[in-house]
Amino acid sequence: MKRRPVVTIDGPSGAGKTTVSILLAENAGMMRIDTGAMYRAVALAARRAGIPWDDGTRLGELARGMALSFRSVAGSVRVFLGGEDVSEAIRTPEMSMGASAVSAHVPVREALVAKQREMGEGGGVVLEGRDTGTVVFPDAEAKFFLDAAAAVRALRRYRELGPAGCQSYEEVLSDVLRRDVRDSTRDHSPLRVADDAVYIDTTTLAVDEVVEAILRRLPGELR
Ligand code: DC
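Notes on the structure in this doc start here. (Residues numbered from 1 in each chain as written. Predicted model: local features only at pLDDT ≥ 70, side-chain atom pairs only at ≥ 80, totals over all residues. Heavy atoms only, no water.)

### So, the overall build of the protein
So the rule is basically this: Secondary structure elements are taken from DSSP: a helix is a run of H or I of four residues or more, a strand is a run of E of two residues or more, and numbering for both begins at the N terminus. Throughout, radius of gyration means the C-alpha value; the globule benchmark is 2.2 Å times the number of residues raised to the power 0.38. The buried label applies to any residue whose accessible area, calculated with a 1.4 Å probe on protein chains only, is under 20% of its type's maximum; exposed applies above 50%, and partly exposed to all values in between. Contacts are assigned to residue pairs with any non-hydrogen atoms lying within 4.5 Å of each other. All accessibility values rest on the Shrake-Rupley procedure with a 1.4 Å probe; residue burial counts only the protein chains present in the view. When charges are counted, Lys and Arg are positive and Asp and Glu negative, with His and the chain ends excluded. To locate a charge, take NZ of a lysine, CZ of an arginine, CG of an aspartate or CD of a glutamate.
Scanning the protein from N- to C-terminus turns up nine helices and eight strands. Here the C-alpha atoms of the protein give a radius of gyration of 17 Å, agreeing with the 17 Å that 2.2 N^0.38 yields for 223 residues. If one aligns the C-alpha atoms of the protein with their principal axes, the spans along those axes are about 50 × 45 × 40 Å. Taking all 223 residues of the protein together, the buried fraction comes to 52%. Taking all contacts inside the protein whose residues are at least 6 apart in sequence as the whole, residues at least 24 apart take part in 73%. A total of about 10,400 Å² of accessible surface is found on the protein, and carbon and sulfur atoms cover 53% of it. Where the 30 positive side-chain charges of the protein centre and where its 32 negative ones centre are 1 Å apart.

### Comments concerning helix α5 (residues 106–120)
Quick note on the threshold: Each residue after the first adds 1.5 Å to the expected span of a helix.
For α5, built from 15 residues, the straight-helix expectation of 21 Å at 1.5 Å per residue is met to within 8% by its first-to-last C-alpha distance of 21 Å. Every buried residue belonging to α5 is among Val108, Arg109, Ala111, Leu112, Val113, Lys115, Gln116 and Gly120, and all of these are buried.

### Overview of the packing of aromatic side chains
Heads up, the rule is: Any pair of Phe, Tyr and Trp rings, taking the six-membered ring for Trp, is counted once the centres come within 6.5 Å. Such a pair is stacked with planes under 30 degrees apart, edge-to-face with planes over 60 apart, and tilted for the rest. Two conditions define a charge sitting above a ring: the NZ of Lys or the CZ of Arg must be within 6 Å of the ring centre, and it must be within 35 degrees of the ring normal.
Counted under the stated rule, the structure contains two aromatic pairs. Arranged with centres 6.2 Å apart and planes meeting at 85°, the rings of Tyr158 and Tyr169 form a pair that is edge-to-face. In this pair, Tyr158 sits in helix α7 (residues 150–161) while Tyr169 sits in helix α8 (residues 169–185), placing the two residues eleven residues apart along the sequence. Accessibility expressed as a relative area gives 22% for Tyr169, which makes it partly exposed. In this structure, Arg47 packs its charged tip against the face of Trp53, placed 4.2 Å from the ring centre. Taking the ring centre of Phe80 as reference, the NZ or CZ of Arg71 above it sits at 4.1 Å.

### With respect to the environment of Ile90
Note that Ile90 resides in the loop between β5 (84–85) and α4 (93–102). Exposure remark for Ile90: the relative accessible area of 0% places this residue in the buried category. Put simply, Ile90 and Met38 are 52 residues apart on the chain and 9.2 Å apart in space, counted from C-alpha to C-alpha. Other than its neighbours up to four places away in sequence, Ile90 contacts Ala37, Arg40, Ala41, Leu44, Val79 and Met95.

### Topic: unusual backbone geometry
Its identity as a non-glycine residue notwithstanding, Ala74 has a phi of 50°, on the positive side. Of note, Ala74 is situated in the loop between β3 (68–73) and β4 (76–81). Although it is not a glycine, Ser189 adopts a positive phi angle of roughly 45°. With respect to the element layout, Ser189 can be found in the loop between α8 and β8 (198–201).

### Describing the pairing of strand β1 (residues 6–10)
Quick reminder of the rule: Two strands qualify as a pair provided that DSSP identifies no fewer than 2 bridges between them.
With respect to burial, β1 is a largely interior element, five of its five residues being buried. Residues of β1 alternate between two faces, with Val6, Thr8 and Asp10 on one and Val7 and Ile9 on the opposite face, all of them buried. Of the strand pairs in this sheet, β1 and strand β6 (residues 125–129) are connected by five bridges, and their pairing is parallel. Considered in β6, the bridge of Val7 is made with Val126. By the bridge criterion, four bridges tie β1 to strand β7 (residues 142–147) in an arrangement that is parallel. In the sheet register, Ile9 faces β7, and the bridge partner there is Phe144.

Right, here's the structure in full:
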């Protein structure tokens, strides 16, 4: 039987992937898989277990054995490590950096890519991340790459973090730029635009316009 379509949305931090993929999943009745949240969960679990973010071998073991799941709670998708809801704990600036660091290790990537393929194998899913269209599902039915000027991406992150983020705009911008470099220059599965992805620059677009542009290009059965 033919699987339902797989849609991938890749791009750098703050390009709008999360907002857009949530709306898209709702609109098209798909399940959303936030692959960045999975790398964040590895960084958090490692910190708690005292495993340094540069120890690829132990991080790989941790990622393979981790009881990571997405569950719907009161209409929103939450991230669970075992029985604990870690959705907030993984969103700190520290875990953003940690996720970027742990995601550079091959054993971590192999463990999480295997989980992502398992979650999405039946189709009817929208995946968001850095390599979902290039590595996780290279045969996805529809691929998008969202991008925006770094200053605008940093401003979106800054507003999203709010006072709880305890970072100035300049600090957020500096983190965004550091993550850009690390995520796109690493040896394994760097951030890049898939040859067959639709590239959308969201710098001056409203969320609705981005969702509209994506919906227009989805396979008929999802529109
Ligand atoms: O999308 P995000 O900011 O939650 O992702 C956190 C980090 O995880 C990001 O800096 C790079 C890494 N990541 C990755 O390497 N591959 C993915 N598919 C998703 C995220």
